[in-house]
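# Architecture at a glance
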Amino acid sequence: VQLKESGGGLVQPGGSLRLSCAASGFTFSNYYMSWFRQAPGKERELVAGISSAAGSTRYADSVKGRFTISRDNAKNMVYLQMNSLKPEDTAVYYCNARFVSFEYWGQGTQVTVSS
């Protein structure tokens, strides 16, 4: 089982990034997929989630209207489009897969929003 995030980096406030998560080793289309983030000194928090068939999504209040989660079950990929980035979005972003009692995490990708 592997979840591998990519797309992080340094961006100026107001900029955009698109995170990708490549999944392998499990039946991706069965799993609820989420993005979490963890800033230094803070607890890991849910950023966005998307149901297995992409029929429903949910977002943290802090990112609503700025971030969009999507998935491609044919490619075993989940994405997080992040627009209008703010310094407070700086964190390590993690991909998460969950299905009944099964749960997997990626290693994370750093996002830094700074001028």
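Residues numbered from 1 in each chain as written. Predicted model: local features only at pLDDT ≥ 70, side-chain atom pairs only at ≥ 80, totals over all residues. Heavy atoms only, no water.

## Topic: the pattern of salt bridges
Per the counting criterion, the structure on display carries four salt bridges. Across the pair Glu 45 and Arg 37 runs a salt bridge whose closest N-O atoms are separated by 2.7 Å. On the accessibility criterion, Arg 37 (6% relative accessible area) is buried. Measuring nitrogen to oxygen at the nearest pair gives 2.9 Å for the salt bridge that ties Asp 89 to Arg 37. Taken together, the positions of Asp 89 in the loop between β8 (77-82) and β9 (91-99) and Arg 37 in strand β4 (residues 32-38) put the pair 52 residues apart, joining distant regions of the chain. The same class applies to Asp 89 and to Arg 37, which are both buried. In the salt-bridge network here, residues are joined through shared partners; they are Arg 37, Glu 45, Arg 66 and Asp 89. (Salt bridge = Lys/Arg side-chain N within 4 Å of Asp/Glu carboxyl O. Buried < 20%, exposed > 50% of the residue type's maximum accessible area, 1.4 Å probe, protein only. Helix = DSSP H or I, 4+ residues; strand = E, 2+ residues; numbered from the N terminus.)

## A word on the environment of Ser 16
Along the chain, the position of Ser 16 falls in the loop between β2 (9-11) and β3 (17-24). In this structure Ser 16 comes out as partly exposed when scored by relative accessible area, which is 40%. Excluding its chain neighbours within four sequence positions, the residues that come into contact with Ser 16 are Val 11, Gln 81, Met 82, Asn 83, Ser 84 and Leu 85. Reaching out from Ser 16, the side chain makes a polar contact with the side chain of Asn 83 at a distance of 2.9 Å. (Contact = heavy atoms within 4.5 Å. Polar contact = N/O pair within 3.5 Å; in protein donor to acceptor, adjacent residues only side chain to side chain.)

## A look at the nonpolar core
Counting 29 residues, the largest nonpolar core has Met 33, Trp 35, Val 78, Leu 80, Met 82 and Tyr 93 as its most contacted members. Sorting the residues of this core by element identifies β3, β4, β5 (45-50), β7 (67-72), β8, β9 and β11 (109-113) as the ones contributing at least two each. Each residue touching Met 33, except ones within four places of it in the same chain, is listed here: Leu 3, Phe 28, Ala 48, Gly 49, Ile 50, Ile 69, Arg 71, Val 78, Cys 95, Asn 96 and Ala 97. (Core = buried A, V, L, I, M, F, W, Y, C linked by side-chain atoms within 4.5 Å.)

## Topic: the packing of aromatic side chains
On inspection of all chains with the given rule, the structure shows seven aromatic pairs. Each ring, one from Phe 26 and one from Phe 28, has its centre 6.4 Å from the other, and the planes form 50°; the classification is tilted. The pair Phe 26 / Phe 28 is uniform in exposure class, with both members buried. The interplanar angle of 40° and the centroid separation of 5.2 Å between the aromatic rings of Phe 26 and Tyr 104 together place this pair among those described as tilted. (Phe/Tyr/Trp six-rings, centres within 6.5 Å; stacked < 30°, edge-to-face > 60°.)

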